[in-house]
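Observations on the model geometry
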Amino acid sequence: MALPALVFFFVFGVVPLVGVLVLSFTQWDGIGAINPAGLSNWRSVLSDPGLPHALWVTFEIMILSWLVQTPLSLLLGVFLAGRQRYRAFLAVLYFVPLLLSSAAIAITYKALLDPNFGLGAGLHIGFLTQDWLGKDNLALGVVIFVVSWQFIPFHSLIYQGGVRQIPTTMYEAASIDGAGRLRQFFSITVPQLKYTIITSSTLMVVGSLTFFDLIFVLTAGGPGDATRVLALDMYKRGFQANLMGPASVIAVLLVLIGLALALILRRLGGSTTASQQEGA
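Note that the coordinates shown come from a computational prediction; the quantities given were computed from them, not determined experimentally.

Turning next to the overall build of the chain. Within the chain, the regular secondary structure consists of 13 helices and two strands. Burial status across the chain gives 36% buried among its 280 residues. Carbon and sulfur atoms make up 70% of the accessible area of the chain, which amounts to about 16100 Å² in all. For the chain, the distance from the average position of its 15 positive side-chain charges to the average position of its 12 negative side-chain charges is 10 Å.

Once that is clear, we can look at a nonpolar patch on the surface. On the surface, L3, L6, V7, F8, F10, V11, F12 and V15 cluster together into a nonpolar patch covering about 830 Å² of accessible area. Inspection of the secondary structure assignment puts F12 in helix α1 (residues 3-23).

This part is about the nonpolar core. In terms of nonpolar packing, the biggest core is built from 21 residues, with I61, V142, V146, I215, L218 and V229 touching the most fellow members. Elements with a contribution of two residues or more to this core: α3 (50-80), α5 (102-112), α7 (136-164), α11 (213-218) and α12 (230-240). Per-element tally for this core: the top contributor is α7, with six residues.

Under the defined criterion, the tally for this structure stands at 11 aromatic pairs. Note on F212 and F216: the rings are 5.4 Å apart at their centroids and 20° apart in plane angle, and the pair reads as stacked. You can call F216 partly exposed: its relative accessible area is 29%. Cluster of aromatic residues (ring-pair linked, three or more members): F212, F216, Y235 and F239.

Looking at the secondary structure, you find H155 in helix α7. In this structure H155 comes out as buried when scored by relative accessible area, which is 3%. Here S200 takes part through its side chain, which lies 2.8 Å from a polar atom of the side chain of H155. Filtering out sequence-adjacent residues up to four positions away, H155 remains in contact with Q69, S73, S200, L203 and M204.

Mean pLDDT over the chain stands at 89; residues scoring 70 or higher make up 96%. This stretch, residues 272-280, has a pLDDT under 50; its non-local contacts, to residues over four places away or in other chains, come to 17 contacts.

Tracing the backbone through its elements, the reader meets K110 in helix α5. In this structure, K110 is in contact with L133, V217 and L218, ignoring residues within four places of it in sequence.

Looking now at the environment of N137. Note on placement: N137 falls in helix α7. Sequence separation of N137 and A226 is 89 residues, and the distance between their C-alpha atoms is 7.9 Å.

Calculation rules
- Residues numbered from 1 in each chain as written.
- Predicted model: local features only at pLDDT ≥ 70, side-chain atom pairs only at ≥ 80, totals over all residues.
- Heavy atoms only, no water.
- Helix = DSSP H or I, 4+ residues; strand = E, 2+ residues; numbered from the N terminus.
- Buried < 20%, exposed > 50% of the residue type's maximum accessible area, 1.4 Å probe, protein only.
- Areas by Shrake-Rupley, 256 points an atom, 1.4 Å probe, with all protein chains shown as cover.
- Lys, Arg positive; Asp, Glu negative; His and termini not counted.
- Charge placed at Lys NZ, Arg CZ, Asp CG, Glu CD.
- Patch = residues over 30% accessible without salt bridge, like charges linked within 9 Å, V, L, I, M, F, W, Y side chains within 5 Å.
- Salt bridge = Lys/Arg side-chain N within 4 Å of Asp/Glu carboxyl O.
- Core = buried A, V, L, I, M, F, W, Y, C linked by side-chain atoms within 4.5 Å.
- Phe/Tyr/Trp six-rings, centres within 6.5 Å; stacked < 30°, edge-to-face > 60°.
- Polar contact = N/O pair within 3.5 Å; in protein donor to acceptor, adjacent residues only side chain to side chain.
- Contact = heavy atoms within 4.5 Å.
- pLDDT = per-residue confidence, 0-100.

Here it is as structure tokens:
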């Protein structure tokens, strides 16, 4: 029964990865002949002074977006797992941003934040009329905000499912002992969502390595190189400079970084066979 899935994974997962690894040792413009290049691509990319900056921006967006998304997603997930009267309607409403195209979201926010014709100029709000995408720190903050706005619904859904797996008897026992809602949240909900937090964080962290379309449309890596992440750097090298070899090197680096981060998060989460009430 698992054979079709294994074949699908091998054809669309393993084969492209191997192909990218091979291309990283070649010289190719995307059209002409592919010529061996040895380790020259790796030397040029690893010695490029722009690589550490792109790596730093990538990790900066990753960490800051995680710090924003995780607590908000957790709180929304706990709220939506309750028995509120309009919970179903709110769940659908909160999920809308995830259904939208990243490019469409970027175009919309770019128009809203335009200092001359955007929301701030139309409503005469001085705070919103800043050059949000023309200053380094502001542009980075906008990217983190938009990324969080789009993906918080997805992680809220994960936490909502995790909360519903927690036995209600634990909350009933805590109520009998006199624990309030806040104490129950930190003493029962958060500990019981340990593996859910690890799963959500893994998807969040590894997924942040592939942010491209939203940043490309919103800032194109600017101002300067303030929002130039590794995925965007790979695109510019491969499809704008026609340097498929160096672009493949960055692709391999992204895969290695993603695997390393996933293994670290799994190690931090501990063994899934450990005693845990979640899912009981």
